[in-house]
Amino acid sequence: MRAILFDEHGPIDGLRLGDFPDPVLEPGGCLVRVKAVSLNGFDPMVLRGIPGLKTPFPMIPGADIAGEIVEVGADVSAWRVGQRVAIQPNRPDGMMGETLRGGLCQFLFVPAEFLIAVPDAVGDIEAACLPTAYATAYRMLYTRGRIEAGEKVLILGASGGVGTAAIQLAKRAGCEVVAVTGSGAKVAKLAEIGADHVVDTSRTDYVDFIVETYGKPRTRGPSGGVDVCVNYSGGPTWAECLRAVRRGGRILTCGATAGYDPKTDLRYIWSFEHTILGSNGWTREEHVAMLDLIAAGEIVPVVDRVVPMGEIRAAMRDLAGRRVIGKVVLTVD
Ligand SMILES: NC(=O)c1ccc[n+]([C@@H]2O[C@H](COP(=O)([O-])OP(=O)(O)OC[C@H]3O[C@@H](n4cnc5c(N)ncnc54)[C@H](OP(=O)(O)O)[C@@H]3O)[C@@H](O)[C@H]2O)c1
């Protein structure tokens, strides 16, 4: 079969369209013809190499996969040929596209327990936008962060996959959203997705914007600032964002695009009684809940572009170069 492959950690030029052995149907699972796969912020990171994560070479990237069952193995009664499915990529033995081979190939063998039915109302492209960005945002904002109607939610790195999903989920919950981007070219689109305010950090300091708009966070008396800050950027933004959160506010994190060992400022955490909540991955139920929101028309995934998998190098370059808003979906023939 045809697959997108890389043979060692390195630059984006190392990605190639090549041949890979067809998967073998085994009892307890199904063969899936892959239709569409979306990229995530971690795909260029895995290609470059992430310390502590072991990549099986040759590696196939891609964690978010939609397809159709073409063969059903022995002992499988819950699934039938022709059924449209999504795949649960985070498994007890690793994560597809990270420490297990991913989905940018024509066929996959998938154990039945990792198959998820795609509702008729959800297209292949939409299904392939899940779960990494959308189900992660669902867990971070709803399950872990318990955001509530009327709360002010500040989202850093808002133009990415997790960020656009976070804007949509926070708006759906009735929150007021401040989206932060490093690019003026992304401002109009983030407002169109639903952000109430968009701060372009190439022109405006986002902490100044929060203080001017909602008042200064204070340890006594009425406090300004936002209720919730979503920060998976880390790096220099970590200590900075503490100055924008109200007394008793929450800081939610699921990653560290700009650095995992940032400087912090403990004075803010104790004196403002901030709660820092980590969020990692998602459950099968959260993946299904997101599919249901899309089927109900409550969320429409933000898709930057849909291109054939052979165009992965250009797509990956734009993703790594911050020239993408939302998801890039690759189609597989
Ligand atoms: N723990 C989990 O389960 C989990 C799941 C999914 C993702 N994550 C993590 O969450 C983060 C976001 O993922 P994603 O897929 O949404 O990534 P993405 O699509 O690449 O988006 C990240 C956004 O952050 C901004 N950004 C990029 N590099 C930056 C830098 N050096 N400093 C500050 N901002 C930067 C960019 O926005 P602008 O250009 O508009 O500023 C970009 O659109 C990643 O760190 C990822 O590893 C974790």
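Residues numbered from 1 in each chain as written. Predicted model: local features only at pLDDT ≥ 70, side-chain atom pairs only at ≥ 80, totals over all residues.

Colleague: Requested: an account of the overall build of the protein, with residues and values cited.
Modeller: Along the backbone of the protein there are 10 helices and 17 strands. Relative to a compact globule of 333 residues, whose C-alpha radius of gyration would be 20 Å, the protein shows 20 Å and is just as compact. With the principal axes as the frame, the protein shows a C-alpha extent of 65 × 40 × 35 Å. Each of the 333 residues in the protein was classed as buried or not, and the buried ones make up 46%. Within the protein, contacts between residues separated by at least 24 positions form 70% of all contacts whose residues are at least 6 apart in sequence. (Helix = DSSP H or I, 4+ residues; strand = E, 2+ residues; numbered from the N terminus. Rg over C-alpha atoms; globule rule 2.2 N^0.38 Å. Buried ≥ 20, exposed ≤ 12 C-beta atoms within 10 Å, placed from the backbone. Contact = placed C-beta atoms within 7 Å.)

Colleague: Please set out the nonpolar core residue by residue, giving values where relevant.
Modeller: If you look at the biggest cluster of nonpolar residues, it comprises 97 residues, and the most contacted ones within it are Ile155 and Val230. When residues of this core are assigned to their parent elements, the largest contribution, 7 residues, is made by helix 3 (residues 132-144). Each of domain 1 (2-131 + 282-331) and domain 2 (133-278) contributes no fewer than three residues to this core. Filtering out sequence-adjacent residues up to four positions away, Val230 remains in contact with Met140, Val153, Leu154, Ile155, Leu156, Ala166 and Leu252. (Core = buried A, V, L, I, M, F, W, Y, C linked by C-beta atoms within 7 Å. Domains from an automatic or database assignment.)

Colleague: Before we move on, can you summarise the site of the ligand with the specific residues and values?
Modeller: The environment of the ligand is made up of 28 residues, and the closest members are Gly41, Gly157, Gly160, Gly182 and Gly255. Every element with two or more residues in the shell around the ligand is listed here: helix 3 and helix 4 (161-172). Taken together, the residues that form the shell around the ligand break down as 8 nonpolar, 18 polar and 2 charged. Each of domain 1 (2-131 + 282-331) and domain 2 (133-278) accounts for three or more of the residues forming the shell around the ligand. (Near = placed C-beta within 6 Å. Nonpolar A, V, L, I, M, F, W, Y, C, P; charged D, E, K, R; others polar.)

Colleague: I'd love a proper account of the domain arrangement of the protein, names of residues and values included.
Modeller: Interface extent is often summarised as the accessible area lost during association of the parts. As far as domains go, the protein holds domain 1 (2-131 + 282-331) and domain 2 (133-278). One C-alpha centre belongs to domain 1, the other to domain 2; they are set 28 Å apart. Across the boundary between the two partners, domain 1 contributes 18 residues, which contact 19 residues of domain 2. Looking at the side of domain 1 that touches domain 2 element by element, the count peaks at 4 residues for helix 9 (residues 284-295). When grouped by side-chain class, the residues that make up the side of domain 1 that touches domain 2 number 10 nonpolar, 4 polar and 4 charged.

Colleague: Give me the pairing of strand 13 (residues 226-230): which residues, what numbers.
Modeller: Of all 5 residues that make up strand 13, 5 are buried, and the element is covered over most of its length. Sheet topology note: the strand 10 (residues 152-155)/strand 13 ladder contains 3 bridges and is parallel. Within strand 13, the position partnered with Val153 by the bridge is Val228. The pairing of strand 13 with strand 14 (residues 245-253) spans 4 bridges and is parallel. Across the sheet, residue Val226 finds its bridge partner in strand 14, namely Val245. (Pairing = 2+ DSSP bridges.)

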